[in-house]
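An overview of the molecular structure
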Amino acid sequence: MIRIAVIGGGPKCLFALLALHDLIPAAQSPRISVDVYDPLPPGAGSVWRVTQPEVLRLNVNAGIVDASSSLSQENFTRWIARVAPERSKEKYPPRVFVGRYLNEQFQLLYHHGNIGLTHIPLVVTGVERHGSRWRVSGPLSSQEYDEVLLATGHGATGHGLAGELRPDPLAGALNSSPLMGDYTALNKTDVAGGAEVWIRGAALTAYDVALLLTEGRGGTWQPSGDGSDGVLYIPSGEEPRRITFFSRSGALMEPKPEHVPAEISPCLDVYRQRLRQWGVQTRDPNSDAGRRPSWRRPAGRVLAEHALAKQVVAGQALAGMWRVLLECAMECARLMGAPTGALELWRTALTGDSVSASPDTGKLSQETNAAVLLRNSLCVNQLRAPVTTGWIWARVWSGLYAELVVAMDRLPRTTGEWRLFNRVARNLEKFTFGPPELTARKLVALLEAGILHVAGAGEKPPAAAVLVDAVTPGPGVLRRPAPEAEPNSDLAAQLLRAGEVMVRPGERGLWTDLDGTCLARDGSRNERLAALGRPTEDPTLGHDTLNRSLHGEYRLWAQRVAARAAAQPDS
């Protein structure tokens, strides 16, 4: 029997185990035993837990959520049409329904799957090599396994899956852990009606907190009555008197549009193909352009390919990628009739400042300024105002993102090039991956009602303010890029000290092979130790997603384990 330990029970764990189930014939089911370590019920994990209020909605199209398998052909769209038909038409339904769906798929796997499955609701304190096996330690005991899969997601830096080492906590904040599915700190005892609340952060988690403290306390919305699709906030009397976002940038994220204009869709199709071609041509011609799982290659081949690829692309590895993206942005601007050029577009990518025809907000109050900018962004999305350079980049970044993930996958690059990529990615993500339009309209209503405020430069929370930390820890296993940064969890620290895993200079995430197998400090495959999702962010991109089609490591991991199980003699 092959004994497997999975550290973390969220969606990445679920996707991997469903893929493994689908590859294991029922007759071979006694050959694999899996223990899932997570303090929370597996399937949903921490972010999608089923105890969160319905006020909190998905920030992505529900159509991407799919945990179907041979056990159930239902993706989320079909599932919610069956269990909650009144929600089936919502593009951004409450997150709690996603959690219920994921939990249900795990329960199907638990009761009917072709693998032996056990949930161990304990914290993992260590993973270390013990002969040819791995010893997984918890607070009370340790167990030995043939395989370990690290799928900690957000958990390793906030919920104790592997020991919490949270960087830069906000002193005096109500919540000692990041707000990821657990909002119990925002109770009415600690945040009384009429209080003044300051929220560190001005991104999606901060918006969740603002809605929990208003709509979540009985506040309601009604049409603005001015002929627009805006809303007005009707207070319940239980909300704080004032809610203030404070962050380094002092800027809110722009809402994502509901539709991509037909004018630019063919253009995006053309540049998707160009980006795919760049990715293939940039890699070593002797490497596997078809992305064949490297666990089938001869030993030592991985290092040789990486070294050769590094020589090929040394110096200007990403120059061709930037050219493709910028040319796409310029073409989209032309098609939309936007009077902008390469210089303005590239300046927006480098600074995060969008060039627009929005009203001059220089003399407006901070909250009026923020409301005007959000309103203008909504008008731009609906093409009722001239498009901005930020809007153009958002269409390019979202439209080509799936191809970008593939093209950039494990690509050698200099630390300088990677710093530039991260800088541009951070700037463009605030235009691309912001709140749905409905959430943005609610924020506008709260700003105009005087309940919500965005702190300006130099503003500080008053002594009596209630502090809430809405900053989410970054992905990877390091607090900042290697080599100077410290690990963000006890587990990562242990594995790095032992040389069982490696992080490339300038990155934060574990370096893995195509099937998720971790590479050791010397660059060799550390067989039977694998990682999926957020712990591997940077060498691979975009793991903070429910879209399981965006990354293939979980399927290749399942194929490798299934092949090993098939080779096991019958007991």
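See the structure above.
Note that the coordinates shown come from a computational prediction; the quantities given were computed from them, not determined experimentally.

Let's talk about the nonpolar core
- Core analysis: the largest hydrophobic core is formed by 47 residues, its most contacted members being Leu17, Leu20 and Trp557.
- Mapped by element, the contributors of at least two residues to this core are β1 (2–7), α1 (11–23), β2 (32–37), α2 (76–83), α3 (95–112) and α15 (553–566).
- Counting residues per element, this core draws most heavily on α1, at eight residues.
- Residues within four places of Leu20 in sequence aside, it is in contact with Ile4, Ile32, Ile115, Trp557, Ala558, Val561 and Ala562.
- Among the nonpolar cores identified, the runner-up in size contains 45 residues, and Ile264, Trp391, Ala407 and Leu411 belong to it.

A look at the state of the cysteines
- Counted by the stated rule, this structure contains zero disulfides.
- Left without a disulfide partner, Cys267 is nearest to the cysteine sulfur of Cys332, which lies 3.9 Å away.
- Classification of Cys267 by relative accessible area gives buried; the value is 7%.

Some thoughts on helix α4 (residues 204–212)
- Within α4, eight of the nine residues are buried, which leaves it mostly tucked inside the rest of the structure.
- Looking at the buried positions of α4, the neighbouring elements they touch are α3, β8 (196–200), β9 (220–223), β11 (242–246), α13 (437–448) and β13 (466–469).

Some thoughts on unusual backbone geometry
- The peptide bond linking Ala482 to Pro483 adopts the cis configuration, its omega dihedral lying at 10°.
- Checked against the element boundaries, Pro483 lands in the loop between β13 and α14 (490–497).
- Residues other than glycine seldom take positive phi values, yet Leu383 does so here, at roughly 60°.
- Structurally, the position occupied by Leu383 is in the loop between α9 (366–381) and α10 (389–399).
- When its relative accessible area of 41% is taken as the criterion, Leu383 is described as partly exposed.
- Although it is not a glycine, Arg410 adopts a positive phi angle of roughly 55°.
- Structurally, Arg410 can be placed in the loop between α11 (401–408) and α12 (415–432).
- Overall, the relative accessible area of 7% leaves Arg410 in the buried class.

Some words on the packing of helix α8 (residues 342–351) against α10
- For the pair α8 and α10, interaxial distance at closest approach is 10 Å and the crossing angle is 75°. Compared by their axis directions, α8 and α10 come out roughly perpendicular. Along the contact surface, α8 presents Glu344, Leu345, Trp346, Thr348 and Ala349, while α10 presents Thr389, Gly390, Ile392 and Trp393.
- Residue composition of the contact of α8 with α10, grouped by class: five nonpolar, three polar and one charged.

Digging into the sheet that holds β8
- Spatially, β12-β11-β8-β13 is the arrangement adopted by the four strands of the open sheet, whose pairing is parallel. The sheet terminates laterally at β12 (452–454) and β13, the two strands that pair on one side only. Each strand axis lies, on average, 25° off the axis of its neighbour in the sheet, ignoring direction.
- As judged from the four bridges shared by β8 and β13, these two strands associate in the parallel manner. Pairing of Ile199 across the sheet is with Val468, part of β13.

The rules behind these values
- Residues numbered from 1 in each chain as written.
- Predicted model: local features only at pLDDT ≥ 70, side-chain atom pairs only at ≥ 80, totals over all residues.
- Heavy atoms only, no water.
- Core = buried A, V, L, I, M, F, W, Y, C linked by side-chain atoms within 4.5 Å.
- Buried < 20%, exposed > 50% of the residue type's maximum accessible area, 1.4 Å probe, protein only.
- Helix = DSSP H or I, 4+ residues; strand = E, 2+ residues; numbered from the N terminus.
- Contact = heavy atoms within 4.5 Å.
- Disulfide = S-S within 2.5 Å.
- Axes fitted to C-alpha atoms, helices over the stretch in contact; angles between N-to-C directions.
- Parallel < 35°, antiparallel > 145°, perpendicular 65-115°, else oblique.
- Nonpolar A, V, L, I, M, F, W, Y, C, P; charged D, E, K, R; others polar.
- Pairing = 2+ DSSP bridges.

This is a description of form; function is not addressed.
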